[in-house]
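Inside the fold
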Amino acid sequence: MAVAALERAGYTVVPFQPPAIDTAINLWCSILVADGMDGFVEAAGGETFIKQYLLMMASARAPAAVRGVARALMWALGMRRTAELAGTAHPRTVIESEKLEAQRAAYVHAFYDSWAVAGIDAMLCPGFGVAPFVLGDSAKLNPSAASYTMFINLLNTAAGTVPVTVVDVDEQIYQGPVFSLEPFHSAARAATAFSVGLPIGVQVYGKPFDDETVVRVLKDIEAGVGFTAVSPLRATI
């Protein structure tokens, strides 16, 4: 729907594959916990963390031997997504943190160089990695399902989101592994099963400091789609 709306408005929409997605996600997680999450705690101002952040904090502050054993166990149990994230969640020295930032800068350059080659001015993508979910479920789905939004933080760029449709009855299906010990899969399947009627949004992000392009694209999507649905949860309030 969003693609069709943009094409009607005169945009040229082409497929794009971000470079080294796994590298980007690992960089994001590594930088987040590089100081043992001390900065994260300070910025929260005393707020209570959701379970996933508490687990990341525990991993970041656990002894290296404990992290190694936990990661090996996760890997052996087939929890490879969780094991990969756990492998990045540990404190860094100042020099190691500087290297992480250098890697982030190199990735940003590579990302936007690929845009220049493809002639891209802005990127359209899903707002989240799974179907919409009810209040509270983000604690069960992050950080894995937030891969699309991680890019925005990693690239440090302008972005926005706009609703385009709602989940139909026949779309309440999560197409992940049926049998998996990864907590993400069971949480995503449970959230999807109760998502009918919830709004589905798309996300747009552009080049650094190019907020105007992002807002213009979002406005044209909104005008072209004409989304007017009301969430069934909101309708009952």
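How each quantity is defined
- Residues numbered from 1 in each chain as written.
- Predicted model: local features only at pLDDT ≥ 70, side-chain atom pairs only at ≥ 80, totals over all residues.
- Heavy atoms only, no water.
- Helix = DSSP H or I, 4+ residues; strand = E, 2+ residues; numbered from the N terminus.
- Rg over C-alpha atoms; globule rule 2.2 N^0.38 Å.
- Contact = heavy atoms within 4.5 Å.
- Areas by Shrake-Rupley, 256 points an atom, 1.4 Å probe, with all protein chains shown as cover.
- Lys, Arg positive; Asp, Glu negative; His and termini not counted.
- Charge placed at Lys NZ, Arg CZ, Asp CG, Glu CD.
- Core = buried A, V, L, I, M, F, W, Y, C linked by side-chain atoms within 4.5 Å.
- Buried < 20%, exposed > 50% of the residue type's maximum accessible area, 1.4 Å probe, protein only.
- pLDDT = per-residue confidence, 0-100.
- Pairing = 2+ DSSP bridges.
- Axes fitted to C-alpha atoms, helices over the stretch in contact; angles between N-to-C directions.

1. Notes on the overall build of the protein
If you tally the helices and strands in the protein, you get twelve helices and three strands. At 19 Å, the protein has a C-alpha radius of gyration in line with the 18 Å of a compact globule built from 237 residues. In the protein, the share of contacts with a sequence separation of at least 24, taken over all contacts with a separation of at least 6, comes to 77%. Here the protein displays about 13,700 Å² of accessible surface, and carbon together with sulfur accounts for 61% of that area. Considering the protein, the positive charge centre built from 16 side chains and the negative charge centre built from 22 side chains are found 6 Å apart.

2. Topic: the nonpolar core
It is characteristic of soluble globular proteins that their nonpolar side chains tend to be buried jointly. If you look at the biggest cluster of nonpolar residues, it comprises 17 residues, and the most contacted ones within it are Tyr107, Phe111, Tyr112, Trp115, Phe151, Leu155 and Tyr205. Residue assignment for this core shows that the elements contributing at least two residues are α2 (21–32), α7 (94–118), β1 (122–126) and α9 (147–155). Here Tyr107 is in contact with Pro18, Pro19, Ala20, Ala24, Leu27, Phe151 and Leu154, once residues within four sequence places are set aside. Core analysis: the next-biggest nonpolar cluster, separate from the first, contains 14 residues, Trp28, Phe49, Met57 and Leu85 among them.

3. Notes on the confidence of the model for the protein
Do not read the fine detail of predicted coordinates wherever pLDDT is low. Here the protein shows a mean pLDDT of 82. Residues at 70 or above account for 91%. Of all helices and strands in the protein, the one with the weakest mean pLDDT is helix α12 (residues 232–235) (50), whereas helix α11 (residues 211–225) scores best (94).

4. Side note on the sheet that holds strand β3 (residues 199–206)
The strands that make up a sheet are held in pairs by hydrogen bonds between backbone atoms, and each pair lies either parallel or antiparallel. The sheet built from three strands is open, its strands ordered β1-β3-β2 with antiparallel pairing. Strands with a single pairing partner mark the edges of an open sheet, and in this sheet they are β1 and β2 (159–166). Strand-to-strand, the axes of this sheet are offset by a mean angle of 25 degrees, without reference to chain direction. Looking at chain direction, β2 and β3 are connected through seven bridges and run antiparallel. The residue of β3 that forms the bridge with Gly160 is Val204. Packed onto the sheet, α7 meets β1 and β3 and runs at close to 90 degrees relative to β3.

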